[in-house]
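# Understanding the architecture of this molecule
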Amino acid sequence: MEKLKIKYFTDQITHLEYIEGKSDWIDLRVSEDIELKQGEFKLVPLGIAVKLPEGYEAHIVPRSSTYKNFGIIQANSCGIIDSSYCGDNDMWKMPVIAMRDTKIHINDRICQFRIFKNQPRLVFEETEHLEGTDRGGFGSTGII
């Protein structure tokens, strides 16, 4: 079991918890009230800083209900936080764009994260031919 050191920037958000058997993604909450007009961008503060284990990174994505509840989308689709982002002032934030006027309140669950091992070091070897099945060059369907 990995242990993560967490610094909370406010006592107004529910502390992180791992819910056994439900999901291995951990909900993150907004740490200040936010009001956005349609089209506005903001780095939404999540109220925590985390010391990730060496060789791991956190992936932050919206919850499935984030757009429905708040009308926002994550500007970078998936946020990646590497283990070097671990200082006392390195509060996690979610970059969002408001698709409609919205209000988000302290402690609202807005996104989620999980940690992954870093990708192993890769070496690229150029070749003239790949010995695999040719699927048509577009995803799994082969449809262009």
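Read on for an overview of the structure. (Residues numbered from 1 in each chain as written. Predicted model: local features only at pLDDT ≥ 70, side-chain atom pairs only at ≥ 80, totals over all residues. Heavy atoms only, no water.)

## Topic: the pairing of strand β6 (residues 56–62)
Here is the rule: Categorising residues by exposure relies on relative accessible area from a 1.4 Å probe, with only protein chains included: less than 20% of the type maximum marks a residue as buried, more than 50% marks it as exposed, and the intermediate range marks it as partly exposed. Helix and strand assignments come from DSSP, with helices taken as H or I runs of at least 4 residues and strands as E runs of at least 2, each series counted from the N terminus. A pair of strands counts as paired when DSSP detects no fewer than two bridges linking them.
The element β6 is extensively covered by neighbouring structure, given that six of its seven residues are classed as buried. Of the strand pairs in this sheet, β6 and strand β8 (residues 79–82) are connected by four bridges, and their pairing is antiparallel. The residue bridging H59 from the neighbouring strand is I80, located in β8.

## Some thoughts on unusual backbone geometry
Of note, S77 is a non-glycine position whose phi angle comes to about 65°, a positive value. Following the sequence through the fold, S77 ends up in the loop between β7 (72–74) and β8. By relative accessible area, S77 is classed as exposed at 57%. One non-glycine residue with positive phi stands out, namely N107, at about 80°.

## Examining the sheet that holds β7
Pairing between sheet strands relies on hydrogen bonds along the backbone, with the strands arranged either parallel or antiparallel. Heads up, the rule is: All axes here are fitted lines through C-alpha atoms, helices being fitted over the stretch that makes contact, and every angle between N-to-C directions spans 0 to 180 degrees.
The three strands lie next to each other as β4-β9-β7, forming an open sheet whose pairing is antiparallel. In the strand order of this sheet, the two ends are held by β4 (41–45) and β7, each with one partner. Strand-to-strand twist of the sheet, defined as the mean angle between neighbouring strand axes without regard to direction, takes the value 40°.

## Observations regarding the nonpolar core
So the rule is basically this: We call a set of buried residues a nonpolar core when its members are Ala, Val, Leu, Ile, Met, Phe, Trp, Tyr or Cys and they connect through side-chain atoms within 4.5 Å of each other. Residues are treated as being in contact if the distance between any of their heavy atoms lies within 4.5 Å.
Among the nonpolar cores identified, the biggest contains 24 residues, and L28, L46, I60, I72, W92 and I110 are the most heavily contacted of them. Every element with two or more residues in this core is listed here: β2 (26–29), β3 (34–36), β5 (48–51), β6, β9 (93–98) and β11 (109–117). Not counting residues up to four positions away in its chain, the partners in contact with I110 are L28, V30, V44, L46, P62, R63, T66, I72, M94 and I104.

## Considering the sheet that holds β11
Strand order across the open sheet formed by four strands is β2-β11-β6-β8, with antiparallel pairing between neighbours. The open sheet has two edge strands, β2 and β8, and neither has a second partner. Within the sheet, the average angular offset between the axes of one strand and its neighbour, ignoring direction, is 35°. For β2 and β11, the ladder comprises four bridges, and the chain directions are antiparallel. The partner of I26 across the bridge, within β11, is F113.

## Focus: the pattern of salt bridges
Applicable threshold: Salt bridge, as used here, is a side-chain nitrogen of Lys or Arg placed within 4 Å of a carboxyl oxygen of Asp or Glu.
Evaluated as defined, the whole model comprises four salt bridges. In this structure, R114 engages D24 in a salt bridge whose closest nitrogen and oxygen atoms are separated by 2.9 Å. With a gap of 90 residues between them, R114 in strand β11 and D24 in the loop between β1 (5–8) and β2 connect regions that are remote in the sequence. R114 gets classed as partly exposed once you look at its relative accessible area, which sits at 24%.

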